[in-house]
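Breakdown of the fold
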Amino acid sequence: MYTFDYEIKLCDTADGGKAPRIALNDGNTMPVLGLGTFLGFDEKGQKEVKENEVELPVLWALNSGYRLIDTASAYHNEEQVGRGVQKSKVPREHVFIVTKLGLNEQRHVVEFLQASLSRLNTSYVDLYLIHNPVALKPDDSGYDVVDYLDTWKSMEEAKRLGLAKSIGISNFNASQIERLLANCDVKPSVLQVEVNLNLAQNKLLELAKREGIAVMAYSPFGSLFSRSGAPPPPRRDHPTLVKIATKYGKTTPQIVLRYLVQRGVIPIPKTTHKERVEENIDVFDFELTADEMKELAEFNKNYRVVWPSFWQDHPYYPFEKKDKPDPDLFKNGLNE
């Protein structure tokens, strides 16, 4: 298992939140746990965002001590995120808002960031990420080939303009990160990738630490709530998790989040249930032992929950390829 020197990077904060902050490589700071807002897929494709479905969780989150909210233009919920932030009464300067450049937006970065800012009803975001090195045509009709080095130059411009305080990347692999680092003026501050008990990402974390890049963890629960027998364990009732949770008077999902926090990554669990929103942030009053961390690390099977192999013919596809790519979830849903 690989861990960051986490305590060295923790910062005091006066933002009123429950999560400490971590120092980024550009001098800004970022909370070490946040709320994810992507709703996922159903049988029709990407789920439609219903009225208040994201706004309310954002409001609940900020009122219960979150100070980090993660969204993206592709999630079609930035307006609701903005309304949730405003209704919370938490000062804007205390809320760390993350959004992402869409796959079909990479030729006009500043223009599309300004559109996101308009939907969020804010003059800046705290962190702007390239959502994926894969690019699609503006009308989503097929692949576009845009060198992510060119996209990054425009990301640097967005930072210079003050539209984004920090900039970073999402779903980049190690070789793509190294190529970017060799050709950039401004280093990425943050890398967002899947990290959970099933997918440890040890080599990526080593690279990130070496380069001073913070790591955000999407899909932090992995297959914890899966109803299928296909993904590897654990599920939320696994004896190892239950034993540790009982010791600390916590739930098994809280144990998973605490494990990730102690690894030095920033989990962004998503939920639309108020009690789970409040539960997920309540992980800063206990600490797992070294033996417990080692025991939990043994669940790693390098198994991806998020594996968009339907994009694998793109020259900048960042993941392992499959012999037969899966159907496009954005077009075919879960049952095709």
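None of the values given here were measured: they were computed from a predicted structure.

**Comments concerning the overall build of the protein chain**
From N to C terminus, the protein chain includes 12 helices and 15 strands. Over its C-alpha trace the protein chain gives a radius of gyration of 19 Å, about what one expects of a compact globule, namely 20 Å for 336 residues. Across its three principal directions, the C-alpha atoms of the protein chain cover 50 × 50 × 45 Å. Counting all 336 residues of the protein chain, 54% fall into the buried class. A sequence separation of at least 24 residues applies to 72% of the contacts in the protein chain between residues at least 6 apart. Working note: accessible area of the protein chain is about 14,800 Å², and carbon and sulfur atoms make up 48% of it. Averaging the coordinates of the 42 positive side-chain charges in the protein chain and doing the same for the 47 negative ones gives two points 2 Å apart.

**What to know about the pairing of strand S14 (residues 214–218)**
Where burial is concerned, most of S14 is hidden: five out of the five residues are buried. Burial along S14 is two-sided: the face carrying Ala 214, Met 216 and Tyr 218 and the face carrying Val 215 and Ala 217 are both buried. Two strands pair when backbone bridges link them, and S14 and strand S15 (residues 266–267) are joined in this way by two bridges, in the parallel orientation. By the bridge assignment, Met 216 is partnered in S15 with Ile 266.

**Concerning the nonpolar core**
Ranked by size, the top nonpolar core spans 94 residues in total, and within it Met 30, Tyr 128, Ile 177, Met 216 and Leu 296 carry the most contacts. Of all the elements, helix H9 (residues 252–263) adds the most residues to this core, at six residues. Leave out the neighbours within four places in its chain, and Leu 296 touches Leu 197, Thr 240, Leu 241, Ile 244, Ile 255, Tyr 259 and Leu 288.

**Overview of the sheet that holds strand S3 (residues 29–31)**
Pairing between sheet strands relies on hydrogen bonds along the backbone, with the strands arranged either parallel or antiparallel. As summarised here, the arrangement of the three strands in space is S1-S2-S3, forming an open sheet in which the pairing is antiparallel. This sheet does not close on itself; its edge strands, each paired only once, are strand S1 (10–11) and S3. The pairing of S1 with strand S2 (residues 21–23) spans two bridges and is classified as antiparallel. Bridging from a neighbouring strand, Cys 11 pairs with Arg 21 of S2.

**Here's the deal with the pattern of salt bridges**
Counted under the stated rule, the structure contains 20 salt bridges. The residue Lys 250 makes a salt bridge to Asp 282 at a minimum N-O spacing of 3.4 Å. Of this pair, Lys 250 sits in the loop between helix H8 (239–248) and H9 while Asp 282 sits in the loop between helix H10 (274–280) and helix H11 (290–297), and the two are 32 residues apart along the sequence. Classification of Lys 250 by relative accessible area gives buried; the value is 14%. Using a relative accessible area of 30% as the deciding quantity, one classes Asp 282 as partly exposed. Salt bridges here are not isolated pairs; linked through shared partners, they connect Glu 55, Arg 83 and Lys 87.

**Here we look at the environment of Ile 97**
Tracing the backbone through its elements, the reader meets Ile 97 in strand S8 (residues 96–101). Expressed as a C-alpha distance, the spacing of Ile 97 and Asp 70, which sit 27 residues apart in the sequence, is 6.2 Å. If sequence neighbours within four positions are ignored, Ile 97 has contacts with Ile 69, Val 85, Arg 92, Leu 120, Val 125, Asp 126 and Leu 127.

**Things to note about the packing of helix H3 (residues 78–88) against helix H4 (residues 109–120)**
Two numbers describe how H3 lies on H4: the axes approach to 7 Å, and their chain directions differ by 45°. It follows that H3 is oblique to H4 by the angle criterion. Contacts between H3 and H4 involve Glu 78, Glu 79, Val 81, Gly 82 and Gln 86 on the former and, on the latter, Ser 116, Arg 119 and Leu 120. Of the residues assigned to the contact of H3 with H4, the class counts are two nonpolar, three polar and three charged.

Definitions and limits used
- Residues numbered from 1 in each chain as written.
- Predicted model: local features only at pLDDT ≥ 70, side-chain atom pairs only at ≥ 80, totals over all residues.
- Heavy atoms only, no water.
- Helix = DSSP H or I, 4+ residues; strand = E, 2+ residues; numbered from the N terminus.
- Rg over C-alpha atoms; globule rule 2.2 N^0.38 Å.
- Buried < 20%, exposed > 50% of the residue type's maximum accessible area, 1.4 Å probe, protein only.
- Contact = heavy atoms within 4.5 Å.
- Areas by Shrake-Rupley, 256 points an atom, 1.4 Å probe, with all protein chains shown as cover.
- Lys, Arg positive; Asp, Glu negative; His and termini not counted.
- Charge placed at Lys NZ, Arg CZ, Asp CG, Glu CD.
- Pairing = 2+ DSSP bridges.
- Core = buried A, V, L, I, M, F, W, Y, C linked by side-chain atoms within 4.5 Å.
- Salt bridge = Lys/Arg side-chain N within 4 Å of Asp/Glu carboxyl O.
- Axes fitted to C-alpha atoms, helices over the stretch in contact; angles between N-to-C directions.
- Parallel < 35°, antiparallel > 145°, perpendicular 65-115°, else oblique.
- Nonpolar A, V, L, I, M, F, W, Y, C, P; charged D, E, K, R; others polar.

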